[in-house]
Amino acid sequence: MTILSKKMKIGIDIRTAGGEKAGKGRFTFNIVRSLLKQDKKNRYFLYADSGIAGFEEFENAQLVVIDAKGLSWHRAVIKDLKYQEIDTFFAPTSFIIPALLPKKSQTRVILTVHDLIAFLYPTSHEFKAVVLEKFFMKKALKKANKITTVSENTKKDLVQKFSINEEKIQTIPCAASENFFPIKRTDENIEKLNRFIKKTNLPRKYFLAVGTVEERKNIDTLIQALAMINQKHPKHHLLIVGKPGWGHYQESLEDLINKNYLQKYVHFLGYVTNKTLNKLYNLAEAFVFPSYYEGFGMPPLEAMQAGCPVISSHSSSMPEVLKDAALFADPSNPSEFASAMENIINDQNLRTDLVNKGRIQSKNFSWDSSAQNFLNLLQWTNNSTAKE
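What you see is a predicted model, and the numbers here were worked out from it, not measured in a lab. (Residues numbered from 1 in each chain as written. Predicted model: local features only at pLDDT ≥ 70, side-chain atom pairs only at ≥ 80, totals over all residues. Heavy atoms only, no water.)

S.K.: Help me understand the side chain of Lys155, please; the structure alone is not making it clear to me.
M.R.: Following the sequence through the fold, Lys155 ends up in helix H6 (residues 152–162). Put simply, Lys155 is tucked away with no salt bridge, and the nearest opposite charge, on Glu166, sits 4.2 Å away. Beyond its immediate sequence surroundings of up to four residues, Lys155 is in contact with Thr149, Glu166, Ile169 and Thr171. (Helix = DSSP H or I, 4+ residues; strand = E, 2+ residues; numbered from the N terminus. Buried < 20%, exposed > 50% of the residue type's maximum accessible area, 1.4 Å probe, protein only. Lys, Arg positive; Asp, Glu negative; His and termini not counted. Salt bridge = Lys/Arg side-chain N within 4 Å of Asp/Glu carboxyl O. Contact = heavy atoms within 4.5 Å.)

Put into structure tokens, the structure is as follows:
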């Protein structure tokens, strides 16, 4: 018998979608916006602890701001889920509400697991975040009706760590935002880019790294690689975009910079807007991503979409996401990164080939496609008559 779909009430935790967004925040913002663009039928309750812009244009979405912090916020959301008779709750970044939701709750749960950093690299993660994930994640996974991961690599990690039935997990990948694109080199755009370089006092030649500045991102290997090629290529600099992470990692990087006399060559830019970041991708010699572990890794895909060649570590999800469109290196071997960087500098044909392959590879991912898969999953969850 065919089960007819009914109009659903869907709740989503969108707290990470506001302000200066890192990877998980970008995921939440883009997947929810893409869902709302496609789905005009169902009603969405977007839960936050403060005002968040970017969703006001959607008539079937209601921002629910709950003025509370910590567990009080989560308990208040659970209470509202019952009051509003929410059919399905989607947890894109946090496991707390799925874990705390009463067994008798009629609200079904879909949650996304981005990575297992708290379990695989706990010392490189904020202590509080590690404790919360270790405490709530197992309960949340058990209670969830469906689990999504952003890569097959994370799915594999999840199955190995928690012995979850693979049929309960669906991989729905991230994508690069439409904010990242190749800037055509018209006379007008060249003039704008030159003004941008002059205004920001950027070096003319540079390698670019993007991500929260934390130990797992392995920026120290990149600095050592730059030191190896600096004497031969003194015009090339390193720009690092991203907020400082937990702990004192950035301070240790500054010590490494001083030790290698690279003070004039390494530049920490902090958080930048997407508009600025797109210009940085377009102007870079190459994007370099030496991370030890990623659930997905959006920055390399953004770089590819913007027409920037990519050098990446060959760890975790990166070969899955980038395929043959990047140069790969061992994250524990600075000389491999130095060699790849020199190859980009010296071989224009290689650089052009990587740019072309990168643009093609980036087209294999789109937020619209991922949102459609989520919408299908929401409909499946709504039609399902029994909990997993």
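S.K.: Looking at this structure, how should I read a nonpolar patch on the surface?
M.R.: Nonpolar side chains collect at one region of the surface, where Phe127, Val131 and Trp246 lie side by side and expose about 340 Å² of accessible area between them. If you trace the backbone, Trp246 turns up in the loop between strand E9 (236–241) and helix H9 (249–259). (Patch = residues over 30% accessible without salt bridge, like charges linked within 9 Å, V, L, I, M, F, W, Y side chains within 5 Å. Areas by Shrake-Rupley, 256 points an atom, 1.4 Å probe, with all protein chains shown as cover.)

S.K.: What am I meant to see in the environment of Met318 here?
M.R.: Of note, Met318 is situated in helix H12 (residues 318–322). The class of Met318 is buried, set by a relative accessible area of 0%. Setting aside chain neighbours within four positions, we find Met318 in contact with Phe289, Glu294, Phe296, Gly297, Pro300, Ser312, Ser313, Lys323 and Phe328.

S.K.: Would you mind going over H9 with me for this structure?
M.R.: One turn of the α-helix equals 3.6 residues, which is why residues spaced by three or four share an orientation. Among all positions in H9, only Tyr249, Gln250, Leu253, Leu256 and Ile257 are buried. The buried residues of H9 occupy an angular sector of 110° when projected down its axis, which confines them to one face. Residues of H9 that are exposed and point more than 90 degrees away from the buried face comprise Asp255 and Lys259. Looking at the buried positions of H9, the neighbouring elements they touch are helix H8 (219–230) and strand E10 (266–270). (Arc of directions from axis to C-beta.)

S.K.: Teacher, can you tell me more about the packing of aromatic side chains here?
M.R.: Think of a pair of aromatic rings as described by two things: how far the centres are apart, and how the planes are tilted against each other in angle. Scanning the entire structure with this criterion turns up eleven aromatic pairs. Considering the side-chain rings of Phe119 and Phe162, the 5.4 Å spacing of their centres and the 90° angle between planes classify their relative orientation as edge-to-face. Within this pair, whereas Phe119 is found in helix H4 (residues 117–120), its partner Phe162 is found in helix H6, the two being separated by 43 residues in sequence. Given a relative accessible area of 17%, Phe162 falls into the buried group. Taken together, a centroid distance of 5.6 Å and an interplanar angle of 75° make the contact between Phe180 and Tyr281 edge-to-face. On the criterion of sequence distance, the pair formed by Phe180 in the loop between strand E7 (169–171) and helix H7 (187–200) and Tyr281 in helix H10 (residues 274–283) is long-range, its members being 101 residues apart. The two residues Phe180 and Tyr281 agree in class, both being buried. One aromatic cluster is present, formed by Phe27, Phe90, Trp367 and Phe374 through successive ring pairs. Over the ring of Trp73 we find Arg15; its NZ or CZ atom is 4.1 Å from the centre of that ring. The ring of Trp380 has Lys146 sitting right over it, with the charged end atom 4.6 Å from the ring centre. (Phe/Tyr/Trp six-rings, centres within 6.5 Å; stacked < 30°, edge-to-face > 60°. Lys NZ or Arg CZ within 6 Å of the ring centre and 35° of its normal.)

S.K.: Help me understand the sheet that holds strand E12 (residues 310–313), please; the structure alone is not making it clear to me.
M.R.: Pairing between the strands of a sheet comes from backbone hydrogen bonds, and it takes one of two forms, parallel or antiparallel. Overall, parallel pairing links the six strands, which are arranged E10-E9-E8-E11-E12-E13 in an open sheet. This sheet does not close on itself; its edge strands, each paired only once, are E10 and strand E13 (327–329). Each neighbouring strand pair of the sheet contributes to a mean axis angle of 25°, computed without reference to strand direction. Bridge count for strand E8 (residues 205–210) against strand E11 (residues 286–289) is two bridges, and the pairing is parallel. Across the sheet, residue Phe207 finds its bridge partner in E11, namely Ala286. Against the sheet, H10 contacts E8, E9, E10 and E11, and its axis sits at roughly 130° relative to E8. (Pairing = 2+ DSSP bridges. Axes fitted to C-alpha atoms, helices over the stretch in contact; angles between N-to-C directions.)

S.K.: For this particular structure, what's the right way to read the side chain of Arg33?
M.R.: Tracing the chain through its elements places Arg33 in helix H1 (residues 23–38). A distance of 3.0 Å separates polar atoms of two side chains, one belonging to Arg33 and the other to Glu57. The residues contacting Arg33, other than those within four sequence positions of it, are Gly54, Phe55, Glu57 and Phe58. (Polar contact = N/O pair within 3.5 Å; in protein donor to acceptor, adjacent residues only side chain to side chain.)

S.K.: Just checking my understanding: could you explain the nonpolar core for this structure?
M.R.: Among soluble globular proteins, nonpolar side chains are generally buried collectively. Counting residues in hydrophobic clusters, the biggest one holds 63 residues, and the most contacted among them are Tyr44, Phe55 and Leu208. Those residues within four positions of Phe55 in sequence are excluded, and the remaining contacts are Ile14, Ala17, Phe29, Val32, Arg33, Leu36 and Leu46. Counting residues in hydrophobic clusters, the runner-up holds 36 residues, among them Val113, Met137, Leu141 and Phe162. (Core = buried A, V, L, I, M, F, W, Y, C linked by side-chain atoms within 4.5 Å.)

S.K.: Would you take a moment to explain the sheet that holds strand E4 (residues 88–91) for this structure?
M.R.: Ordered in space as E3-E2-E1-E4-E5-E6-E7, the seven strands form an open sheet in which the pairing is parallel. Lying at the two open borders of the sheet, with one neighbouring strand each, are strand E3 (61–65) and E7. Neighbouring strand axes in the sheet, compared pairwise and without regard to direction, differ in orientation by 20° on average. Where strand E2 (residues 43–48) meets E3, five bridges bridge the pair, whose relative direction is parallel. From the neighbouring strand, Leu46 faces E3, where its bridge partner is Leu63. Where H1 meets the sheet, it contacts strand E1 (9–13), E2, E3, E4 and strand E5 (108–113), and its direction lies at approximately 160° from that of E2.

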